[in-house]
Amino acid sequence: MHSETTTAFRLCGEQTVRTIADTHSALLEYYAAAPNVVFDPTAITEADLSVVQLVESARQTAARDGKKICIAGPLPVSLRDVLVRGGFLNSPEDALFWATP
Amino acid sequence: MSAILIVDDSASIRQAVKIALGGLGHNVSEAANGAEGATKADVARFDLIITDLNMPVMDGLTMIRKLRTNAAYTGVPILFLTTESDPGIKSQAKAAGATGWITKPFDADQLSRIVIKVLAK
Amino acid sequence: MTDNDPAQVFRVEAQELLDQIEQALLDLEKSPGDADLIAQVFRAMHTLKGSGAMFGFDALAGFAHACETAFDRVRKGLVKATPKLIASVLAAEDHLRALAEGKNVPEDEGAALLASIEAAMAAGSPAPTAPEPEPEKSWRIRFSLARDALVNGTRPLALLDELRALGPCEIAPLTGDIPNLETLQPTDCHLGWDIHLKTRHPRAAIEEVFIFVGDDAALTIELVPLASAAGHVVSEAASPVAANDKPAAAQAIGYTVRVPAERLDELMNRVGELVIAQSRLKQVVAFSNDANLHSVAEEIERLASELRDSMMNVRMVPISQLFGRFRRLIHDLARDTGKTIDFRTSGETTELDKNVIERLADPLIHLIRNSADHGLETAEERRAAGKPDAGRITLSARQAGTEVVISVSDDGRGVDLNRVRAKAERSGLLAPGAPTSDAEILQLLFAPGFSTAEKVTNLSGRGVGMDVVKRTVESLRGTIDIANRPGSGAEVALRLPLTLAIIDGLLVRIGQGRYVIPLASVEECVELTTDQDQRSRGRSFLTLRGQLVPFIRLRELFATGTVPDKYQKIVVVSTGSERVGLVVDQILGDHQTVIKPLSSFHAGIGTFSGATILGDGGVALILDVPHLVAAGQQQEDRLRAAG
């Protein structure tokens, strides 16, 4: 389990290039306050590469800042589809990051 | 089935596109110039817009730029019709926000292939 | 409504493509260098090959491929589109039609046709064969997209899917260029991919994938030696390229709304029945005082009539469909007769009921054959007569009121009336020396078994005579006329009602009987008072806005033996320019009529064009207006002549 003090950042509904700017602003706020980063992707209904890119950006930023980062909860179908087609689950390291609850 | 808007001042081009894409099962709407296209696009949500570049009232480039400022058309493919494969025009249109192009004259086959390509998510 | 049997859909599509090919080839004959036409033939062959292969018409696909290859050489200017080549491709097109219809075609027929195409191609180049598949190669592709790619609707995942369709891929995303959260522009694209692809497809196929991203994305496509790629684990399932084409094709089929003709007919029958039921309802409701019932009945009447109109529209097709077929016929006729034929058509956009159009094909073929064979003279004869070498056959269609007039005319020798008379006298159709008008002699052409051809040629005398043409046209409630211009040609005109099946009629009573007058020909209804009736006796004319209109007392014509009603009505009907009044006892009202043709036993009765079943189950005869108008005009002519 991750730190109890960390609340997850919920990714909800449509997470595409149309909505990603809003998600980004909210994430910046969350990131600044959170000791560790937990994404809850379960409520995503529609996803595209922009959300994957955003999470990857957060992953790199967290590595720089020494924060822990993980994905909590099963991947919703739409996100999983993007990851598979984009080859994001092909390396063991990436697969571990994305697909482990 | 997707909603497609064809913007062209030539009724015959619109008709050709309509026939070709209607045959694929798409719902094709028409507009005769950029201004009409932009208005229609505001009212209805299209999955793909195909537009001529040189048109009266409002040209295609202006319409594409206008549409790209609309959040609803972020990420929606916009193809432009071009008579020549002029790289200058292509890069101008792509800078305005076009996804790709269709070279005139086109046949139904070619058009269908491109449309299937850009409609793929 | 959609027919989802892909094979059937393909057959329909194949017919259309073959029609296109045929038209283009025939046009090409006139302008052999036309690049557009050559491209049209090539494209249609190409499509035919592609769809044929997809739906399992392998023989057809193979054959189309060979034709396509041949035409590709024409397209590239390697071979000229000579008349000989066009003729052999036309023959090949017939073979393709047979294959598309699933007919059993001997294999050697195809081979012979291909050989003739080959022979027709100038340089005797080697037989077209399918290109050798390229050996599998391994490619390394790296690409990263332009910043605005996502916003502008580029779908990188779809590009990756297209690459997978080319062959087994190993795909690694490149995320190193993604900025940190603070500097990230989240709608910009900072992603790239590194792909190993094994495929038999050429580089062009890979480049094709990136057609829209190629010039503003960083893209490299490199060939890598197979050995270095061999070690890679192929993680993606190999999917042949065909698998990629299928979803699109399946989608196209699913949404095509091509309706088989039988279903349309079935629907038409239902509409016909509905119209009858609605008629009955109207009559029943007439006896009711229930206002609600009346309002519902009116609503149903309106809907039924709208439905009928829509149905009619669905059935109307442009006559160009039919005319297009004759260009091929002319081509063959010109070849077989050795005459040069200048074929012209007009009014192709005229619309007619689908059923009528289909049934007109044979009569028109016969008429065109007649023109080419008997009407047009040989080039020498024409020259002697001071006419251009090329004989002209004109096929035209136009709408006139509720009728469509289709005519076949030629500028040939016209009908030789003396020869017709002689022939008729020989065959006992005409008493020798009997005084006969030219018009009557022309009518003899329609007599069963009559043929003016002294020698039965391959083209016309095939047992189908003008009598069959006439019968077919009459079964369509049409009429046929010949205008003869001895020495300068003849014109056969078919006049057909716009549609079969249902007409709007005016139901009238004459004596005890009920009759229907087609509403479209009714101009107006006026009263005939007893007084007027008495006065006009002997001279059956009424004055209508200053014009004399002859009228016919149908009660007398039908010999009803009844006393006329006190207030008789005159229904004024017209066929274009000519008018006649029909005296009836009572006008019963509008009636939508489903026409039943009269049995052959009654077919000779000119006064009626059909019968209909009324709402109460009774039968009403439908008056043949053109016939009655002609009778009225004759009456007028007689009276005029008598002074």
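Chain C appears in an unreviewed UniProt entry as Chemotaxis protein CheA from Rhizomicrobium electricum. Database annotation for chain C, UniProt heading Function (unreviewed entry): "Involved in the transmission of sensory signals from the chemoreceptors to the flagellar motors. CheA is autophosphorylated; it can transfer its phosphate group to either CheB or CheY." Check the Catalytic activity (unreviewed entry) section of the UniProt entry for chain C; it says "ATP + protein L-histidine = ADP + protein N-phospho-L-histidine."

An unreviewed UniProt entry lists chain B under the name Response regulator, from Rhizomicrobium electricum.

Draft legend 1. Quick look at the pairing of strand 8 (residues 391–400) of chain C. In the sheet, strand 6 (residues 341–346) of chain C pairs with strand 8 of chain C via six bridges, with the strands oriented parallel. If you follow Ser346(C) over to strand 8 of chain C, its bridge partner there is Ser396(C).

Draft legend 2. Spatial organisation of the interface of chain A and chain C. Contact with chain A, which involves 24 residues of that partner, is made by 27 residues of chain C. Summing both sides of the interface, chain A and chain C together bury roughly 2,200 Å²; the carbon and sulfur share of this comes to 60%. The three residues of chain A that bury the most area against chain C are Leu49(A), Gln53(A) and Arg85(A), which together make up 31% of that side's buried surface. Joining chain A to chain C, the criterion identifies 13 residue pairs in polar contact (both at pLDDT 80 or more). Of all the secondary structure elements, the ones that give two or more residues to the side of chain A that touches chain C are helix 1 (20–33), helix 2 (49–65) and helix 3 (77–85) of chain A. Sort the elements by how many residues they give to the side of chain A that touches chain C and helix 2 of chain A lands first, with 10 residues.

Draft legend 3. Representation of the interface of chain C and chain B in the model. On the chain B side, the residues contacting the 27 residues of chain C number 28 residues. Regarding the contact of chain C and chain B, the summed buried area is about 2,100 Å², with carbon and sulfur atoms giving 52% of it. Between the two partners, chain C and chain B, sit one salt bridge. In this structure, Lys117(B) and Glu162(C) form a salt bridge, with 3.0 Å as the shortest nitrogen-oxygen distance.

Draft legend 4. Seen up close, the packing of aromatic side chains. In the structure shown here, the tally under the stated rule is seven aromatic pairs over all chains. With centroids separated by 5.5 Å and ring planes inclined at 25°, the aromatic side chains of Phe143(C) and Trp193(C) adopt a geometry described as stacked. In this pair, Phe143(C) is assigned in strand 1 (residues 137–144) and Trp193(C) in strand 3 (residues 192–199), connecting sequence segments 50 residues apart. When its relative accessible area of 1% is taken as the criterion, Phe143(C) is described as buried. Ring pairs connect the aromatic residues Phe88(A), Phe143(C), Trp193(C) and Phe210(C), which therefore count as one cluster. A cation over a ring is seen here: Arg59(A) above Phe97(A), with NZ or CZ 4.3 Å from the ring centre. The ring of Tyr31(A) is capped by Lys67(A), whose NZ or CZ atom sits 3.8 Å from the centre of that ring.

Draft legend 5. Representation of the pattern of salt bridges in the model. If you walk through the whole model with that rule in mind, you get 39 salt bridges over all chains. One salt bridge in this structure joins Glu56(A) and Arg59(A), with 3.1 Å as the shortest N-O distance. Here Glu56(A) and its partner Arg59(A) are both found in helix 2, three residues apart, which amounts to about one turn of the helix. For the residue pair Glu56(A) and Arg59(A), the accessibility class agrees, reading buried in each case. In this structure, Asp94(C) engages Arg328(C) in a salt bridge whose closest nitrogen and oxygen atoms are separated by 2.9 Å. Note that Asp94(C) is positioned in helix 4 (residues 83–100) and Arg328(C) in helix 12 (residues 320–337), a separation of 234 residues in sequence. When its relative accessible area of 35% is taken as the criterion, Asp94(C) is described as partly exposed. Given a relative accessible area of 11%, Arg328(C) falls into the buried group. What you see here is one network of salt bridges that share partners, running through Asp19(C), Glu22(C), Glu93(C), Asp94(C), Arg97(C), Arg328(C), Asp332(C), Arg335(C) and Asp336(C).

Draft legend 6. Highlighting helix 4 of chain C. Residue and element names in this part refer to chain C. The end-to-end C-alpha distance of helix 4, which contains 18 residues, comes to 25 Å, matching closely the 26 Å that a straight helix rising 1.5 Å per residue would cover. With 13 of its 18 residues buried, helix 4 lies for the most part within the structure. Two residues or fewer past helix 4, Gly102 is found with a positive phi of approximately 75°.

Procedures and definitions
- All residue numbers here refer to positions counted from 1 along the written sequence of the relevant chain.
- Ligands are numbered from 1 and chains lettered from A, in the order in which they are written.
- Given that the model is predicted, a residue must reach a pLDDT of at least 70 before its local features are reported, and side-chain atom pairs must reach 80 or more before they are shown or counted; all residues, however, enter totals for whole chains, interfaces and linings.
- Hydrogens and water are ignored here; the side-chain numbers use all heavy atoms of the structure.
- UniProt positions are given in the numbering used here, feature names are shortened, and annotations may be inferred rather than shown by experiment.
- Strands are treated as partners if at least two bridges between them are detected by DSSP.
- The helix count covers DSSP runs of H or I at least four residues long, the strand count covers runs of E at least two residues long, and both are numbered beginning at the N terminus.
- What makes two residues a contact is simply this: any of their non-hydrogen atoms within 4.5 Å.
- Buried area adds together the accessible area that both of two parts lose upon being put together, with accessible area traced by a 1.4 Å probe.
- Residues adjacent in sequence count toward polar contacts only when both atoms are side-chain atoms; beyond that, a polar contact is any pair of N or O atoms within 3.5 Å, and within protein one must be able to donate a hydrogen and the other to accept it.
- A side-chain nitrogen of Lys or Arg and a carboxyl oxygen of Asp or Glu constitute a salt bridge if their distance falls within 4 Å.
- Aromatic rings from Phe, Tyr and Trp, with only the six-membered ring used for Trp, were paired whenever their centres fell within 6.5 Å, and each pair was classed as stacked if the ring planes differed by under 30 degrees, edge-to-face if by over 60, and tilted otherwise.
- Classification of residues uses two cut-offs on accessible area relative to the type maximum, computed with a 1.4 Å probe and protein chains only: under 20% is buried, over 50% is exposed, and between them is partly exposed.
- Only when the NZ atom of a Lys or the CZ atom of an Arg is both within 6 Å of the ring centre and within 35 degrees of the ring normal do we say a charge sits over the ring.
- Given the number of residues in a helix, its expected span is that number minus one, multiplied by 1.5 Å.

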